[in-house]
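Geometric and topological summary
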Amino acid sequence: MSTIAEAPIKVEDLEKKGYLDVEIDPTLDLVAEIKRMKKEKNAVILAHYYQESEIQDVADYIGDSLGLSQHAAATEADIIVFAGVHFMAETAKILSPHKKVILPDLKAGCSLADSCPAPLFRKFKELHPNAIVVSYINCTAELKTLTDICCTSTNAVHVINSIPKDKEIIFAPDRNLGAYLEKKTGRKLILWNGTCMVHEIFSHEKISRLQVQYPQAKLIAHPECEAHLLNIADYIGSTSGLLKYTKTNPATQFIVATEPGIIHQMQLASPDKLFIPAPPNNTCACNECPHMKRNTMQKLYVAMKYEMPEVILPEQVIRDGRASIDRMLEISKEAGL
Ligand code: 13P
Ligand code: SF4
């Protein structure tokens, strides 16, 4: 047990940095402490597959955006500690408004959510007054208040197919997922021009070279990737879809075109298979999401200890945003997802 006292917390850092800046005793067993606090505070840790592996290892549930929403809606814990990005924690708050929702770093944002500010979108929507609005869950809570049905990459095809054929559909904010959905459903969508900064910079050239080097490898890609990559992929799916594919497909080598955090679960499930992160158009060997990676074990520990920073939403946003998420969950349930 530690004997070195922690420096006092600096709450003002929350404003500046988005997390509590606390010096932690380096000898502290963070895993043991986090597990102890989970029990003591009746807290649940929900982690996305893109979190660093140590965080995934202490989580109670690891999943894709749909699974995380379903768990946030169903949990009986008093505190939801969300190891993911801001829009995910907001969704958890909308679904469980009476629970305390903690995000280790409030600045863990998302380029897709940032690409679609609600005031601009409201104007865009006015240009198409009869259209049904489908928003990818990777958007702000405020955007959800302007949305008819939310979707994730797991249920997006079902959501689009649930809308009568004679209705116009606006799809925001991801133009790549939107274009993929147009292809899968045969529907014309009115697309918002947003992208994910991670999935739009995979290098076609470097991936083609990897395919020559590993001719047996399957190329698997998330639908947030650009069409030129999706066109050459052996399988396209959400993070949970990609994970399932690597477990069930007899191939033993996979080039993984999504954020490489998911490879931790792939490797745990299939220790004898080879997973190669698809490289981006820069000097990095893999393509990490800087937003997801803002969460660290240290920040997770401090957030649980002080129960801060908390995600707070205006009542009106919770009320008006909820219907679009509830509709998504209903459609997912009907589809057995
Ligand atoms: P899913 O895990 O739902 O496939 O979403 C991927 C993603 O980019 C989350 O930010
Ligand atoms: Fe947003 Fe892309 Fe990061 Fe997911 S991977 S949180 S979509 S920026």
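Scroll up a little and you will see the structure.
Residues numbered from 1 in each chain as written. Chains lettered and ligands numbered in written order. Predicted model: local features only at pLDDT ≥ 70, side-chain atom pairs only at ≥ 80, totals over all residues. Heavy atoms only, no water.

**A closer look at the side chain of histidine 48**
As for its placement among the helices and strands, histidine 48 is situated in strand E1 (residues 43–48). Relative accessible area serves as the criterion here: at 3%, histidine 48 is assigned to the buried category. Within the structure, histidine 48 has its side chain in polar contact with the backbone nitrogen of tyrosine 50 (distance 3.0 Å). Histidine 48 has contacts with Gln56, Ile62, Gly63, Asp64, Ser65, Leu68, Ala83, Met88, Thr239 and Met292, leaving out every residue within four places of it along the chain. (Helix = DSSP H or I, 4+ residues; strand = E, 2+ residues; numbered from the N terminus. Buried < 20%, exposed > 50% of the residue type's maximum accessible area, 1.4 Å probe, protein only. Polar contact = N/O pair within 3.5 Å; in protein donor to acceptor, adjacent residues only side chain to side chain. Contact = heavy atoms within 4.5 Å.)

**Considerations on the site of ligand 1**
Around ligand 1 sit 13 residues in total, of which His48, Ser65, Ser153, His222 and Thr239 are the nearest. One of the side-chain nitrogen or oxygen atoms of serine 153 is found 2.9 Å away from an oxygen atom of ligand 1. Separating an oxygen atom of ligand 1 from a side-chain N or O atom of glutamate 224 is a distance of 3.0 Å. Summarising the interface, the protein chains cover 96% of the accessible area of ligand 1, which totals 300 Å² for the free molecule. Under a 2 Å grid-point criterion requiring more than half of the atoms, the pocket assigned to ligand 1 is the largest cavity. Broken down by class, the residue content of the shell around ligand 1 amounts to four nonpolar, seven polar and two charged. (Near = heavy atom within 4 Å. Areas by Shrake-Rupley, 256 points an atom, 1.4 Å probe, with all protein chains shown as cover. 1 Å grid on protein atoms, 1.4 Å probe; cavity = no way out; pocket = protein on both sides within 12 Å on 5 of 7 lines; lining within 4 Å. Sits in = over half its atoms within 2 Å of the grid points. Nonpolar A, V, L, I, M, F, W, Y, C, P; charged D, E, K, R; others polar.)

**Digging into the layout of surface pockets**
A volume near 500 Å³ is recorded for the largest pocket. Thr154, Tyr235, Ser238, Ser240 and Gly241 are, among the 26 residues lining the largest pocket, the residues nearest its centre. Contributing elements (two or more residues each) for the lining of the largest pocket: helix H4 (65–74), helix H9 (156–161), helix H10 (175–185), strand E10 (235–236) and helix H13 (239–248). Broken down by element, the residue count for the lining of the largest pocket peaks at six residues, all from H13. Of the residues in the lining of the largest pocket, the class split is 13 nonpolar, nine polar and four charged. (Points joined across faces, edges and corners; volume = space filled by probe spheres on them.)

**A few points about the site of ligand 2**
Tyr50, Val85, Cys110, Ser111, Leu112, Asn138, Cys196, Val198, Glu224, Cys289, His291 and Met292 make up every residue found near ligand 2. Under a 2 Å grid-point criterion requiring more than half of the atoms, the pocket assigned to ligand 2 is the largest cavity. Its residues placed into classes, the shell around ligand 2 shows eight nonpolar, three polar and one charged.

**Comments concerning the packing of aromatic side chains**
A complete count under the given rule lists six aromatic pairs for this structure. A ring pair is formed by phenylalanine 124 and tryptophan 192, whose centres lie 5.1 Å apart and whose planes are at 85 degrees; its orientation type is edge-to-face. Note that phenylalanine 124 is positioned in helix H7 (residues 118–126) and tryptophan 192 in the loop between strand E8 (190–191) and helix H11 (204–213), a separation of 68 residues in sequence. For the pair shown, phenylalanine 124 and tryptophan 192 are each scored as buried. Look at phenylalanine 254 and phenylalanine 275: their rings are 5.5 Å apart centre to centre, the planes differ by 15 degrees, and that puts the pair in the stacked class. (Phe/Tyr/Trp six-rings, centres within 6.5 Å; stacked < 30°, edge-to-face > 60°.)

**A word on the environment of cysteine 151**
Along the chain, cysteine 151 falls in strand E6 (residues 149–151). Judged by its relative accessible area of 0%, cysteine 151 falls in the buried class. The sequence separation of cysteine 151 and lysine 218 amounts to 67 residues, and the corresponding C-alpha distance is 27 Å.

**Focus on the nonpolar core**
Residues Phe82, Val134, Phe171 and Ala257 are the most contacted members of the largest nonpolar core, which totals 65 residues. Once residues lying within four places of it in the same chain are set aside, the contact partners of valine 134 are Thr147, Ile149, Cys151, Val159, Ile160, Ile163, Ile169, Ile170, Phe171 and Ala172. (Core = buried A, V, L, I, M, F, W, Y, C linked by side-chain atoms within 4.5 Å.)

**Section: the pattern of salt bridges**
One pass over the full model with this rule turns up 15 salt bridges. Residue lysine 17 pairs with aspartate 21 through a salt bridge whose shortest N-O separation is 2.7 Å. Residue lysine 17 is classed as partly exposed on the basis of its relative accessible area of 29%. For the salt bridge of arginine 36 with glutamate 33, the shortest nitrogen-to-oxygen distance reads 2.7 Å. Taken together, the positions of arginine 36 and glutamate 33, both in helix H2 (residues 30–40) and three residues apart, correspond to about one turn of that helix. With a relative accessible area of 38%, arginine 36 lands in the partly exposed category. Connected through shared salt-bridge partners, Glu33, Arg36 and Glu40 make up one network. (Salt bridge = Lys/Arg side-chain N within 4 Å of Asp/Glu carboxyl O.)

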